[in-house]
Amino acid sequence: MSESEEYLMLSGIQHFAYCRRQWALIHIEQQWSENERTVDGKLFHKVAHDAEAIEKRGEIIITRGLRIKSEIYKVSGICDVVEFHKAEDGITLHKYEGLWKPYPIEYKKGKPKENNADELQLCGQAMCLEEMLLCDIPSGSLFYGETRRRKNVEFTIELREQVKVMLEEMQELWKRGHTPKVKPQKGCNACSLKDICVPKLQNTSVTSYINERLKGI
Ligand code: SF4
């Protein structure tokens, strides 16, 4: 895990949006349990990161695996893909003539989720890029492996504010080294950390929980 005392992983925003406790178990307590979902997701991302780092296709420059960070929010990460589209209100790029507008694209294995965790992560990437490149990025895309479609995401004031609040909350928990208590929810069944987190302990005694588990052995 590459988190230093100061910089948190931007990708943690999706864990945080899913469940604050899950984020803390992974990023503060360094617990990680790989289920099929997370392994498949990692392989899918590897494909996006392994390809050529930079290529130009007509009016678009495509970069893969671009490292990003924000001094303001103390987060860092890697963009799957950032396209630079030729545009009059773009920025200059070393070795390329003209002006170019960044457009981040994040690859996701499955299909669009019920919550907006993917949109928040993508918006966080855009906020880092804006800070690094001194530009405005109004939108980006999520590409879902299951639907094989791009979904356009507008980086609205509301979405940016949600990202900001989450990143501040993450920093606050990180500095205190605090893992929030269990809050059983719908997502617990699919959670890769359910065996470590043990959400059922919330409503039952440790003894009856362990007895219950032993019945199944
Ligand atoms: S099992 Fe539930 S409460 Fe525990 S970390 Fe996962 S989602 Fe959060």
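Just above, that's the structure.
Residues numbered from 1 in each chain as written. Predicted model: local features only at pLDDT ≥ 70, side-chain atom pairs only at ≥ 80, totals over all residues. Heavy atoms only, no water.

Asks: I'm lost on the packing of aromatic side chains in this one. Help?
Replies: To describe a pair of aromatic rings, you give the distance between the ring centres and the angle between the ring planes. Going through the model one piece at a time under the given rule, you end up with 3 aromatic pairs. Here phenylalanine 16 and tryptophan 23 contribute two aromatic rings whose centre-to-centre distance is 5.3 Å and whose plane-to-plane angle is 85°, an arrangement assigned as edge-to-face. Judged by centre distance (6.3 Å) and plane angle (75°), the ring pair of tyrosine 96 and tryptophan 100 falls under edge-to-face. A relative accessible area of 1% places tryptophan 100 in the buried class. (Phe/Tyr/Trp six-rings, centres within 6.5 Å; stacked < 30°, edge-to-face > 60°. Buried < 20%, exposed > 50% of the residue type's maximum accessible area, 1.4 Å probe, protein only.)

Asks: Please clarify how the pairing of strand E3 (residues 60–70) should be interpreted in this entry.
Replies: Within a regular strand, the side chains alternate between the two sheet faces. For strand E2 (residues 54–57) and E3, the ladder comprises 4 bridges, and the chain directions are antiparallel. Each residue of the ladder has a partner; that of arginine 57, found in E3, is isoleucine 60. Counting the residues that bridge the hairpin from E2 to E3 gives 2 residues, and of these glycine 58 lies at a positive phi of roughly 60°. Pairing analysis gives 10 bridges linking E3 to strand E4 (residues 75–93), with the strands arranged antiparallel. Paired with isoleucine 60 across the two strands is histidine 85, which belongs to E4. What sits between E3 and E4 in their antiparallel hairpin is a turn of 4 residues, with lysine 74 showing a positive phi close to 55°. (Pairing = 2+ DSSP bridges. Helix = DSSP H or I, 4+ residues; strand = E, 2+ residues; numbered from the N terminus.)

Asks: How do you make sense of the nonpolar core when you look at a structure like this?
Replies: One recurring pattern in soluble globular proteins: nonpolar side chains tend to sit buried together. One finds Trp23, Phe155 and Leu167 to be the most contacted residues of the largest nonpolar core, which totals 37 residues. Where this core is concerned, the elements lending two or more residues are helix H1 (12–18), helix H2 (20–27), E3, E4, helix H4 (117–133), strand E6 (139–144) and helix H5 (157–176). Core analysis: the next-biggest nonpolar cluster, separate from the first, contains 6 residues, Leu25, Ile26, Leu193 and Cys197 among them. (Core = buried A, V, L, I, M, F, W, Y, C linked by side-chain atoms within 4.5 Å.)

Asks: Looking at this structure, how should I read the pattern of salt bridges?
Replies: Taken as a whole and judged by the stated rule, the model has 15 salt bridges. Across the salt bridge formed by glutamate 55 and arginine 64, the nearest N and O atoms sit 2.9 Å from each other. Accessibility expressed as a relative area gives 17% for arginine 64, which makes it buried. With a closest N to O distance of 2.4 Å, glutamate 119 and lysine 151 form a salt bridge. Of this pair, glutamate 119 sits in helix H4 while lysine 151 sits in strand E7 (residues 149–154), placing them 32 residues apart in sequence. On the accessibility criterion, glutamate 119 (11% relative accessible area) is buried. Judged by its relative accessible area of 33%, lysine 151 falls in the partly exposed class. (Salt bridge = Lys/Arg side-chain N within 4 Å of Asp/Glu carboxyl O.)

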